[in-house]
Amino acid sequence: MVIGDLTSTIPFKVPEVVPVARGVLRGFPNVRIETCDAKGTSGGYQICARQAINEKVAGVIQGFVTAQDQTALTKAGIPVVGVSDDTSPNSFPVSSSFALYVSLGVGLAKTGCTKLGIVYLDGSDFLIDYIKRGFESRGGKEVARAPVAANAADLSPAVAKLTGAGATCVAVSLVPSGAAQALTALRQSGRTLTIGGISAIFNEDLLSSLGSLADGLIVVDSQLNSHDTAAGGIGQVQADARAVDSKTKLTEQAVVAWIAARLVGSALRSTTGEVTPASLTAALNGLRGVDLAGVVPPWTSQPLDNPSFRRVFNHYGINYEISGGKAVRKGDFYDIAPILRTK
């Protein structure tokens, strides 16, 4: 079953995850793919989870979901591949949001910055500590952090706090609308700053609305950017998706769904007999060195020894710089597993 916010009451939905999964698994004639729309709500997600259990699906490929309490799927032993948590024994997260914040810290340090400021959504300090951990692992120092309310109208005081502390780079951890405000205020500060965020926040629509204001922005991800057309792997993602639907939009969420479906396909090839949640989970746990066309480094389902990140198998980050509205790759993947292992 493919679960995702295929429609949503908020302006973010990912219908593209369905044709991507179907395209990757089209070579498995005995596989039937069902779908369920979580509709951007917790209740909608739980309906999908119950449907997966009731219909005895062997596994779930999960695209972006606003709410993802996968307790019911975990109790049922159904493997969840794609967007899933970092600790459950049935989880195979393609991209860990918490680990990605560590990558953001490392990514900004890799630009040469040594003094970090962070502007972030008030109440999310636990996420910001991950950025600090990544940055300081590379010898830099966090000099200030500035929390802002979700409905803050003026971010100039937060920016002044960071620049006043001597920050030469700033990590932005806000919802997209707040990130746009922060970027504008930082550009207007009169300081030369390296500004970074994760690609899920600085998505295609936001970058388009920002225009030239986004030039020079560093966006960090755990897989190749969906617009990195110079990479052969992204071409394969596009080909698989459009084999099913020629109008499929290529997004970061589509790339995550493609990786998830490829992993399921690799697991199916090593499974004999009836495919059940238990047999598919065992096969997914047995994956070693799976070639994913460079979209992410070769995949091995080897748990980390830190309970907080035990199921993070894709422990890599990669930097892109926005230029003329396009994401330009800056260097290769870097491994953050040594940082994630630190408790």
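Residues numbered from 1 in each chain as written. Predicted model: local features only at pLDDT ≥ 70, side-chain atom pairs only at ≥ 80, totals over all residues. Heavy atoms only, no water.

- In the annotation of an unreviewed UniProt entry, the chain is listed under the name Amino acid/amide ABC transporter substrate-binding protein, HAAT family and assigned to Frankia torreyi.
- Regarding the chain, the relevant UniProt record gives this comment under Sequence similarities (unreviewed entry): "Belongs to the leucine-binding protein family." (UniProt positions renumbered as here; feature names shortened; annotations may be inferred.)

## What to know about the domain arrangement of the chain
Right, so step 1: We note that the domain assignment places domain 1 (1–94 + 227–301) and domain 2 (96–220 + 316–339) within the chain.
Right, so step 2: Between domain 1 and domain 2, the C-alpha centre-to-centre distance is 28 Å.
Right, so step 3: Summed over both sides, the interface of domain 1 with domain 2 buries roughly 900 Å², with 49% coming from carbon and sulfur.
Right, so step 4: The largest contributions to the domain 1 side of the interface with domain 2 come from His227, Asp228 and Pro297, which together make up 45% of the buried area.
Right, so step 5: Connecting domain 1 to domain 2 are 1 salt bridge.
Right, so step 6: Put simply, Arg329 and Asp228 hold a salt bridge, and the shortest N to O gap is 2.9 Å.
Right, so step 7: Scanning the region where domain 1 abuts domain 2 turns up 3 residue pairs in polar contact (both at pLDDT 80 or more).
Right, so step 8: Grouping the constituent residues of the side of domain 1 that touches domain 2 by class yields 7 nonpolar, 2 polar and 4 charged. (Domains from an automatic or database assignment. Buried area = accessible area lost by both parts, 1.4 Å probe. Salt bridge = Lys/Arg side-chain N within 4 Å of Asp/Glu carboxyl O. Polar contact = N/O pair within 3.5 Å; in protein donor to acceptor, adjacent residues only side chain to side chain. Nonpolar A, V, L, I, M, F, W, Y, C, P; charged D, E, K, R; others polar.)

## Remarks on the state of the cysteines
Right, so step 1: One pass over the structure, following the stated rule, counts 2 disulfides.
Right, so step 2: A sulfur-sulfur distance of 2.1 Å marks the disulfide that ties Cys36 to Cys48. Because the torsion about its S-S bond is -85°, the bridge between Cys36 and Cys48 counts as left-handed. You can see Cys36 sitting in strand 2 (residues 35–37) and its partner Cys48 sitting in helix 2 (residues 42–54), a full 12 residues away along the chain. The same class applies to Cys36 as to Cys48, namely buried.
Right, so step 3: Disulfide pairing places Cys113 opposite Cys169 at an S-S distance of 2.2 Å. On the S-S bond that ties Cys113 to Cys169, the torsion sits near -80°, and the link is left-handed. With Cys113 in the loop between helix 4 (97–109) and strand 6 (115–121) and Cys169 in strand 8 (residues 169–173), the pair connects residues that are 56 residues apart, well separated along the chain. By the burial criterion, Cys113 is buried, and Cys169 matches it. (Disulfide = S-S within 2.5 Å. Helix = DSSP H or I, 4+ residues; strand = E, 2+ residues; numbered from the N terminus. Buried < 20%, exposed > 50% of the residue type's maximum accessible area, 1.4 Å probe, protein only.)

## A closer look at the pairing of strand 9 (residues 194–198)
Right, so step 1: Judged by how many residues are buried, strand 9 sits mostly within the fold: 4 of 5 residues are covered.
Right, so step 2: Taken together, the 3 bridges between strand 8 and strand 9 define a ladder with parallel strand orientation. Among the inter-strand pairings, Ala171 is bridged to a residue of strand 9, identified as Gly196.
Right, so step 3: The parallel pair strand 8 and strand 9 is bridged by helix 7 (residues 176–187), and the resulting crossover is right-handed.
Right, so step 4: Alignment of strand 9 against strand 10 (residues 218–221), held across 3 bridges, turns out to be parallel. The partner of Ile198 across the bridge, within strand 10, is Val220.
Right, so step 5: Note that the unit made of strand 9, helix 8 (residues 204–210) and strand 10 has a crossover that is right-handed. (Pairing = 2+ DSSP bridges. Right-handed = clockwise from strand over helix to strand, strands pointing away.)

## Concerning helix 9 (residues 232–242)
Given 3.6 residues per turn, any residue in an α-helix points the same way as the ones three and four places further on.
Right, so step 1: Buried within helix 9 are the following residues: Gly233, Ile234, Val237, Asp240 and Ala241. Take helix 9 and look down its axis: the buried residues cluster within an arc of 125°, on one side only. (Arc of directions from axis to C-beta.)

## Digging into the side chain of Gln70
Right, so step 1: Residue position: Gln70 is located in the loop between strand 3 (60–62) and helix 3 (71–76).
Right, so step 2: On the basis of relative accessibility, which here comes to 2%, the residue Gln70 falls in the buried class.
Right, so step 3: Leaving out residues up to four positions away in the same chain, Gln70 has contacts with Tyr45, Val80, Ser84, Asp85, Ser88, Asn90 and Ser91. (Contact = heavy atoms within 4.5 Å.)

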